Amino acid sequence: MSLSKPASLRAAILVVSTTAAQDPSTDAAEAALREVFDQDGGGRWTVSEAKIVSDVVTHIQQQIMLWADDADPVNLIVTSGGTGFAVEDHTPEAVIPLLHKQAPGLVHGMLAASLAVTPFAVMSRPVAGVRNKTVIITLPGSPKAAKENLQAVIKTLPHACLQAAGASSRALHSGGVKKLEQEAGMASPQAKTHSSHSRPHHHHHHCPHGHQAPIRHTPTPAASSTSTSTEPKSNDPSLGPTRRHRSSPYPMLSVSDALSLIAQHVPKPTPILHKVDPSLVGYVAAEDVHAAEDVPAFRASIVDGYAVVVPDAALGEEQSEAGAGADLKGVWPVVGVSHASPTEEFELKEGQVARITTGAALPRGANAVVMVEDTVLAAQTEDGTEEKEVGILAEGVKAGDNVREVGSDVRKGEIVLRKGERVSSGGGEIGLLASVGIKELMVYAKPVVGVLSTGDEIVEHDKEGDLRLGEVRDINRPSLMAAVRQCGYDVIDLGIVKDKARTLEEKLRVALREVDVVITTGGVSMGELDLLKPTIERSLGGTIHFGRVNMKPGKPTTFATVPVKNNAGERVSKVIFALPGNPASALVTFHLFVLPALHHMSGVSPPGLPKVPVTLAHDFVLDKARPEYHRAVVSIGSDGRLTASSTGSQRSSRVGSMKQANALLCMPSGSEPLRKGTRVEALLMGNIQSNAQ
Ligand code: AMP
Ligand code: MG
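Scoring rules and cut-offs
- Residues numbered from 1 in each chain as written.
- Chains lettered and ligands numbered in written order.
- Predicted model: local features only at pLDDT ≥ 70, side-chain atom pairs only at ≥ 80, totals over all residues.
- Heavy atoms only, no water.
- Phe/Tyr/Trp six-rings, centres within 6.5 Å; stacked < 30°, edge-to-face > 60°.
- Buried < 20%, exposed > 50% of the residue type's maximum accessible area, 1.4 Å probe, protein only.
- Helix = DSSP H or I, 4+ residues; strand = E, 2+ residues; numbered from the N terminus.
- Pairing = 2+ DSSP bridges.

**Some thoughts on the packing of aromatic side chains**
The final tally for this structure, using the stated rule, is four aromatic pairs. With centroids separated by 5.5 Å and ring planes inclined at 55 degrees, the aromatic side chains of F37 and W45 adopt a geometry described as tilted. Exposure remark for F37: the relative accessible area of 1% places this residue in the buried category. Measuring from ring centre to ring centre gives 5.8 Å for F546 and F593, while their planes differ by 55 degrees; the resulting arrangement is tilted. A residue pair is termed long-range when its members are at least 10 positions apart, and F546 in strand β24 (residues 543–546) and F593 in helix α17 (residues 583–601) qualify at 47 residues. Summarising the burial analysis for this pair, F546 and F593 share the class buried. The rings of F546, F559, F577 and F593 are connected pair by pair, giving a single aromatic cluster.

Following this line, the structure appears as structure tokens:
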């Protein structure tokens, strides 16, 4: 058989459908497939047979054998229908035992084409292969899907059919794959672009493009230093350790550039309504809050004593002659009592007094209160239980003395909490809101944080008994969870996950549904089991905004956002911080990067740890290459100066370097030590210690 005169090929269509078998007018698949052979078949196909059978294995098999076992068999049988998961779907089961050779490549081609149209293509179970000299493929039952599947492979089918029919493979291959492709009217992926060979080379041949160096699957760091590139930079873990990068493909960012990217890419704060109660601490007001009431709501006494009426004359006198006031000295009848409790109002007249307690309402007409200390008991009732008359010793009592006027603490309508102000744990803001009758207010939601440890070696920190060789107790999860909570955010324990791509991906998917920010530790260095970056980029479709920072400790710190659908079906952005596994690195990078992110997301401004200048209490050795965040204890001396002492060895595995540390000293890189007495900036993580005796 020669290819110079393309041979005509015969195809048979077998529609598998119990419904169509009963009523052929319901079948649309045959017509759809005929159309493909006519329009896309390059003029090479004749549909010589077509049949409809029920979804019965023996019926399907009988028809296929009739066509394929004939002395002059058809070149191709396409079936349509019965490839799904329904109970009555049997076509693959009927076809598979009939095949002498399987053709997974054709199956792959069809699935790939369908997957490009719908993810539900995974619900199809196509098979393909050869029986005797006939190629058989099973297509889906839906005419549209059947058509698309056939279109996906029809260009390659003549070649397969001719080979199956016994054409010499040498003759067929005489022009090489290129010729075959030309004949089929196709261009190979390689032929399209020379430079963008996106598929990894699985073969051991020399690379046809003349590369000597290892194949780079990503641009070089210098070529793409921005985070906008959508191409994953991470390793493709399926390629194994021999194909991984041997230096990080992520550009090395300065800490301040990394912080800008965080500010830029974390989700904006969302306002929510929150009750005024103790759990309001740490929230930031999302609106100006106005006082709903005056405080005090009534004219109240500031002291325990006697309410009096300062005469009008004295008022006038007070205005002209400051400090004089009225002369109320003398003995006055006690006509009433006002306790600090909800009461009936009563009238007080000139020449009368009323006993009154701190915070109690002034009687009507009263305009000043004389302290109990400035009075004497003059007369009591006969049974001796009540005061009848008191003597006032005070001189120059003025209207308004010891009286809190309505609204004098807080005026109704005045702003008690401004948008952007944070509710402190000191109680002041909650107290103020409570005082003016604010029951709830709009604040920015606080992100919920999940903490996940990764690593095959990591075991629960409280595991009983001795560790096995290679096991490491989980330090990061308990320590980070404590830090998150201390910073005022809810934290969820996501457990420990092994260094397995699938498990990690599943864990992260679940986590991203539950929390706003996922903190992972481990798996971000350069090792072959370092799966965080590839999983985020390749499996979760996330964007890594930075994957390397010029600092010590914490160089591989990774910040990414991942688009996910929330419960309401809206697309939202979730945040992943993949922190280094070494425990001191994890804690330092939490304070340096995660905390500012949480602040941005919850409206706290300025974000991050407060910075203060401190004086070194001793010489500090510097890292030669990278700026270092040196863990230190900052204390205040009796002279008011802040001094900093190192917590000792700063090795990143030594979590003890964080013990008692209340500051991260921002040390430059350098080869000479920084001398005692040098002033440096300190980021405060905790309260300053007092050295003063
Ligand atoms: P990795 O970043 O996964 O290469 O881990 C770096 C180092 O940190 C290794 O020595 C790990 O055993 C250690 N490490 C990772 N995760 C933890 C953890 N949760 N607790 C204690 N050590 C850890
Ligand atoms: Mg690890």
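**Some remarks on the pairing of strand β6 (residues 134–139)**
Among the six residues of β6, six are classified as buried, and the element is accordingly described as predominantly covered. Side chains T134, I136 and T138 project from β6 onto one buried face, and the interleaved V135, I137 and L139 project onto a second face that is buried too. Where strand β3 (residues 76–80) lies against β6, five bridges are found, and the strand directions are parallel. Bridge pairing links T79 to T138 in β6. Judged from the four bridges that link them, strand β5 (residues 128–131) and β6 form a sheet pairing that is antiparallel. What sits directly across from A128, in β6, is I137. Hairpin connection of β5 to β6: two residues between the antiparallel strands, including N132 at a positive phi of 50 degrees.

Geometric descriptors of this kind do not, in isolation, establish any biological role.
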